[in-house]
Amino acid sequence: MDLARTLEELCAVCAPSGHEDPMIARMRAGFAQAGLATRVDPLGNVIAPVRDAQPGYPQVAIFAHMDEVGFVVRKIEPQGFVRVQRMGGIPEKSMAGQRIVFLGETGPVDGVIATKAHHVTQEPEKARVVPVGEVFVDIGASGRADVDAAGIRVGTPATWRPAFTRRGDLVSTKAADDRVGCAALLALAEQGRALGGGAGLTLIAGVQEEFNIRGVTPAVRAVRPDILVCLDIVPANDTPDTEDLGEVRVGDGPTVGLYSFHGRGTLNGLIPNRKLVRVIETIAGHRGIPAQRHIFFGGLTDASYAQLEGPGIPGVDLGIPTRYTHSPIETCSLEDLRGAVALTAALIEDLPAGVDLSRG
């Protein structure tokens, strides 16, 4: 598989939380091309069984989310300007002057998030971040009738406008979170039944992670795996504004999560099963796959909730380091993505029969 091309194709899809249908179709097509049958649950999770575990071996579920951060229309002004609310954790500082695309009822509609002309901006305003409640979007309409004709209504979703740039292995794009994980799922599907070892494998492309971080849980409940692996981005710490927060660097390999905690709203996170971490790090060492240790305070993935299904499931976050998260220029390395695919494939092949993940 050409991972770069696959990632570019996935990032070009506009599929904010709750509106994942184009990604559902794309993932089903990718799984089908790899020879896997899929089913889609009522929420939209795509479940692709690869193989059952051999006797004594664990069943592993590897998942990534299909949705991306975006916007939703909350009001249309008489002059034809569109007011929006954020759908997911978009930083307000990233909004001014950016291009977005509305997923209108008659097709996509480009718009620009307005920014006040510099020549008339007064001194106190120059350093102010405009809150989303004051933001408006210009689609070139001359009035509300033009907006209606474009198929834009209250509740219409929008995303950052797709733009994918590459220099060597470094790519910048909207929706790297979590199309890198989806690309990894398709790469694993391609390897499929050719993977060695006795562990079972199910791939899950989840929904609504950016909205409520719980969308994948019904799929995990249905699959009932013994081990969970979440593939998602992690914030990198290799830029001048983040280097004091950790040691994760783009290009140094995928990460193994040791601790995550949101700390706001519903308190949750993931402290992974330490025996599982030890198994993964041992496999990475034996295979010569670079892997970085990572802790994440202030965020979490849907593994935090998926681990609580059934009797409780040992789980771990495997991440692709990414700069400028939730902006239209999320930046990551294809080499780290290749490493994540290699590490998850090695985990399936090298998990021993009767692996002991018990506590206490």
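Everything discussed here concerns the structure shown above.
Residues numbered from 1 in each chain as written. Predicted model: local features only at pLDDT ≥ 70, side-chain atom pairs only at ≥ 80, totals over all residues. Heavy atoms only, no water.

A. Highlighting the overall build of the protein. Check the secondary structure of the protein and you find 9 helices and 18 strands. Expected size for 360 residues packed as a compact globule is a radius of gyration near 21 Å; at 21 Å, the protein falls within 12% of this value. Along the three orthogonal principal directions, the C-alpha set of the protein runs to about 70 × 45 × 40 Å. When each of the 360 residues of the protein is scored for burial, the buried share is 54%. When contacts within the protein are restricted to residue pairs at least 6 apart in sequence, those whose partners lie at least 24 apart make up 76%. (Helix = DSSP H or I, 4+ residues; strand = E, 2+ residues; numbered from the N terminus. Rg over C-alpha atoms; globule rule 2.2 N^0.38 Å. Buried < 20%, exposed > 50% of the residue type's maximum accessible area, 1.4 Å probe, protein only. Contact = heavy atoms within 4.5 Å.)

B. Layout of the pattern of salt bridges. Following the criterion strictly, the structure yields 21 salt bridges and no others. The salt bridge partner of R221 is E309, with a shortest N-O separation of 2.5 Å. One end of the pair, R221, is in helix α6 (residues 217-223); the other, E309, is in the loop between α8 (303-306) and β17 (315-323), and 88 residues separate them in sequence. With a relative accessible area of 12%, E309 lands in the buried category. R287 is paired through a salt bridge with E349; the nearest N and O atoms lie 2.9 Å apart. (Salt bridge = Lys/Arg side-chain N within 4 Å of Asp/Glu carboxyl O.)

C. Spatial organisation of the packing of helix α4 (residues 176-191) against helix α9 (residues 334-350). One can describe the packing of α4 onto α9 by two numbers: an axis separation of 10 Å at closest approach and a directional angle of 45°. If you check the angle between α4 and α9, you find them oblique. Here α4 runs over α9; the crossing is right-handed. In contact with V180, A183, A184, A187, L188 and Q191 of α4, α9 contributes L337, V341, T344 and A345. For the contact of α4 with α9, a count of residues per class yields 8 nonpolar, 2 polar and no charged. (Axes fitted to C-alpha atoms, helices over the stretch in contact; angles between N-to-C directions. Parallel < 35°, antiparallel > 145°, perpendicular 65-115°, else oblique. Left-handed = near helix turned anticlockwise from the far one by under 90°. Nonpolar A, V, L, I, M, F, W, Y, C, P; charged D, E, K, R; others polar.)

D. Expanded view of the side chain of N273. Note on placement: N273 falls in the loop between β15 (269-270) and α7 (274-287). With a relative accessible area of 11%, N273 lands in the buried category. At a separation of 2.9 Å, a polar atom in the side chain of N273 contacts the main-chain amide nitrogen of L276. Side-chain polar atoms of N273 contact the backbone oxygen of L357, separated by 2.9 Å. Among all residues touching N273, those that are not within four sequence positions of it are P314, G315, L357 and R359. (Polar contact = N/O pair within 3.5 Å; in protein donor to acceptor, adjacent residues only side chain to side chain.)

E. Quick look at α7. Its 14 residues give α7 an end-to-end C-alpha distance of 20 Å, which sits within 8% of 20 Å, the value for a rise of 1.5 Å per residue. Those residues of α7 lying buried are L276, V277, V279, I280, I283 and A284. Seen from one end, α7 has its buried residues packed into an arc of 160°, which puts them on one side. Structural note: α7 exposes R278, G285 and H286 on the side pointing more than 90 degrees away from its buried face. Taken together, the buried residues of α7 touch β13 (227-235), β14 (255-261), β16 (292-297), β17 and α9. Between the side-chain oxygen of the N-cap and the backbone nitrogen of K275 there are 2.9 Å, and the N-cap of α7 in question is N273. (Expected span 1.5 Å × (residues − 1). Arc of directions from axis to C-beta.)

F. Quick peek at the packing of helix α1 (residues 3-12) against α9. α9 packs onto α1 with a crossing angle of 100° between their chain directions and a minimal axis gap of 10 Å. The orientation of α1 with respect to α9, classified from their angle, is roughly perpendicular. The segment α1 lies against α9, with L3, A4 and L7 engaging L334, L337, R338 and V341. For the contact of α1 with α9, a count of residues per class yields 6 nonpolar, no polar and 1 charged.

G. View of unusual backbone geometry. Put simply, D177 and D178 share a cis peptide bond, and its omega is 10°. Positive phi, normally seen in glycine, also occurs at I213, with a value near 65°. In this structure, I213 sits in the loop between α5 (209-212) and α6. Here the phi dihedral of Y324 falls at roughly 60°; this positive angle occurs in a residue that is not glycine. When its relative accessible area of 40% is taken as the criterion, Y324 is described as partly exposed.

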